[in-house]
Amino acid sequence: MSTRILRSLIAAALLSAGLAQAAITVGNVNFATRQTVQQRALELNGAGLRTRLGFKVYAMGLYLRAPLSEAGAILADKGEKRIRIVPIRDLEAKQFGDALQAGLEKNHDAAALAALKPATDALLAALAAVGEVKAGTEIVLDRLGSGATRLLVDAKQHGEDIADVALYPALLRIWLGERPADSELREALLKTPQ
């Protein structure tokens, strides 16, 4: 094999590897391998598809400061995080909020839910104000350095930052808890990209 052909093959392999690191596609939704929250670089920990009754509902990616493969470690981590959700089909923001509420109820007892109620109500009100969520809309839940939760829809903040530091880990339990919304999605979020 000539040196010229070998160099071309190496260049093509390096370009392919670089492109593979640029994004991961789940359900026709691209997830960049890196995102930034409050000037903190985060890495894609995992991404997967939420299905219900055989239908694709949304694609989701979880971003952390450093890859973690255990749910307990992710829940305990106090750093910045990002949950990025992109619906595959049109839905009402209230439907999405109702699903979040149901997930919280599946993974928390009555006392925890009561303690979270003011924060949960604030998040659900901000979601309801969004109205209709078309397929392809980007819903982002950020955990800020302060521990507050911020909701962004198509890069625009909705509602105020929610200061209750218990809210974000509670939200993560919807997908990573003992009774996750989708066990295959849970596995995908805990599987760091190669």
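Structure shown above.
Residues numbered from 1 in each chain as written. Predicted model: local features only at pLDDT ≥ 70, side-chain atom pairs only at ≥ 80, totals over all residues. Heavy atoms only, no water.

Peer 1: Looking at this model, I keep getting lost on the overall build of the protein. Mind explaining?
Peer 2: Counting its regular elements, the protein contains 6 helices and 11 strands. Going through the 194 residues of the protein one by one, you find that 42% of them count as buried. (Helix = DSSP H or I, 4+ residues; strand = E, 2+ residues; numbered from the N terminus. Buried < 20%, exposed > 50% of the residue type's maximum accessible area, 1.4 Å probe, protein only.)

Peer 1: Quick question: what am I supposed to make of the nonpolar core here?
Peer 2: Across soluble globular proteins, nonpolar side chains show a tendency to be buried alongside one another. Within the largest apolar cluster, 37 residues are counted, with the highest numbers of intra-cluster contacts made by Ile83 and Trp175. Here this core gets 8 residues from one element, more than from any other, and that element is helix H5 (residues 167–176). Residues contacting Ile83, with those up to four places away along its chain left out, are Met60, Gly61, Leu62, Ile139, Val140, Leu141, Tyr168, Leu172 and Trp175. Counting 12 residues, the second-largest nonpolar core is a separate cluster that includes Leu44, Tyr63, Val86 and Leu144. (Core = buried A, V, L, I, M, F, W, Y, C linked by side-chain atoms within 4.5 Å. Contact = heavy atoms within 4.5 Å.)

Peer 1: Can you walk me through the pattern of salt bridges in this structure?
Peer 2: Close approach of charged atoms lets side chains of opposite charge pair. Counted under the stated rule, the structure contains 11 salt bridges. In this structure, Arg50 engages Asp182 in a salt bridge whose closest nitrogen and oxygen atoms are separated by 3.9 Å. Of this pair, Arg50 sits in strand S4 (residues 40–52) while Asp182 sits in the loop between H5 and helix H6 (183–189), placing them 132 residues apart in sequence. By the burial criterion, Arg50 is buried, and Asp182 matches it. With a shortest N-O distance of 2.7 Å, Asp142 and Arg82 are connected by a salt bridge. In this pair, Asp142 is assigned in strand S9 (residues 139–143) and Arg82 in strand S6 (residues 81–87), connecting sequence segments 60 residues apart. Taking relative accessible area as the criterion, Asp142 reaches 3% and is therefore assigned buried. (Salt bridge = Lys/Arg side-chain N within 4 Å of Asp/Glu carboxyl O.)

Peer 1: Please explain the packing of helix H4 (residues 110–128) against H5 as it appears in this structure.
Peer 2: Helix packing for two helices is described by the angle between their axes and how far apart those axes are. For the pair H4 and H5, the least separation of the axes is 10 Å and the interaxial angle reads 70 degrees. With respect to H5, the axis of H4 lies roughly perpendicular. For the pair formed by H4 and H5, the contact residues are Leu116, Ala119, Thr120 and Leu123 on the first element and Leu167, Ala170 and Leu171 on the second. Partitioned by chemical class, the residues of the contact of H4 with H5 number 6 nonpolar, 1 polar and no charged. (Axes fitted to C-alpha atoms, helices over the stretch in contact; angles between N-to-C directions. Parallel < 35°, antiparallel > 145°, perpendicular 65-115°, else oblique. Nonpolar A, V, L, I, M, F, W, Y, C, P; charged D, E, K, R; others polar.)

Peer 1: Is there a simple way to think about the environment of Glu92 in this case?
Peer 2: Residue position: Glu92 is located in strand S7 (residues 91–92). Sequence separation of Glu92 and Ala128 is 36 residues, and the distance between their C-alpha atoms is 8.2 Å.

Peer 1: Can you help me understand unusual backbone geometry in this one?
Peer 2: Peptide bonds are mostly trans, and most non-glycine residues show a negative phi. Positive phi, normally seen in glycine, also occurs at Gln39, with a value near 65 degrees. By secondary structure assignment, the location of Gln39 is in the loop between strand S3 (34–37) and S4. Owing to a relative accessible area of 79%, Gln39 belongs among the exposed residues under this scheme.

Peer 1: Got a minute to help me understand the pairing of strand S1 (residues 23–26) in this structure?
Peer 2: Both faces of the sheet carry side chains from a regular strand, because those side chains alternate between them. Of the strand pairs in this sheet, S1 and strand S2 (residues 29–32) are connected by 4 bridges, and their pairing is antiparallel. Following the sheet pairing, Ala23 is matched in S2 by Ala32. If you look at the hairpin formed by S1 and S2, you'll find 2 residues sitting between the two strands, and Gly27 has a positive phi there, around 55 degrees. (Pairing = 2+ DSSP bridges.)

Peer 1: Is there a simple way to explain the side chain of Arg143 in this structure?
Peer 2: Position of Arg143 relative to the elements: it lies in strand S9. At 2.4 Å, the side chain of Arg143 forms a polar contact with the backbone oxygen of Lys78. In terms of polar contacts, Arg143 uses its side chain to reach the backbone carbonyl oxygen of Gly79, at 3.3 Å. Excluding its chain neighbours within four sequence positions, the residues that come into contact with Arg143 are Val37, Lys78, Gly79, Glu80, Lys81, Ala148 and Tyr168. (Polar contact = N/O pair within 3.5 Å; in protein donor to acceptor, adjacent residues only side chain to side chain.)

Peer 1: Would you take a moment to explain the pairing of S9 for this structure?
Peer 2: Counted residue by residue, S9 has 5 buried out of 5 residues, so it is predominantly covered. Neither face of S9 is open: one carries Ile139, Leu141 and Arg143, the other Val140 and Asp142, and all of them are buried. Here S6 runs beside S9; their pairing, made up of 5 bridges, is antiparallel. Bridged to Arg82 within S9 is Asp142. In this antiparallel pair of consecutive strands, S9 and strand S10 (residues 149–153), the connection spans 5 residues, and Gly147 shows a positive phi of 95 degrees.

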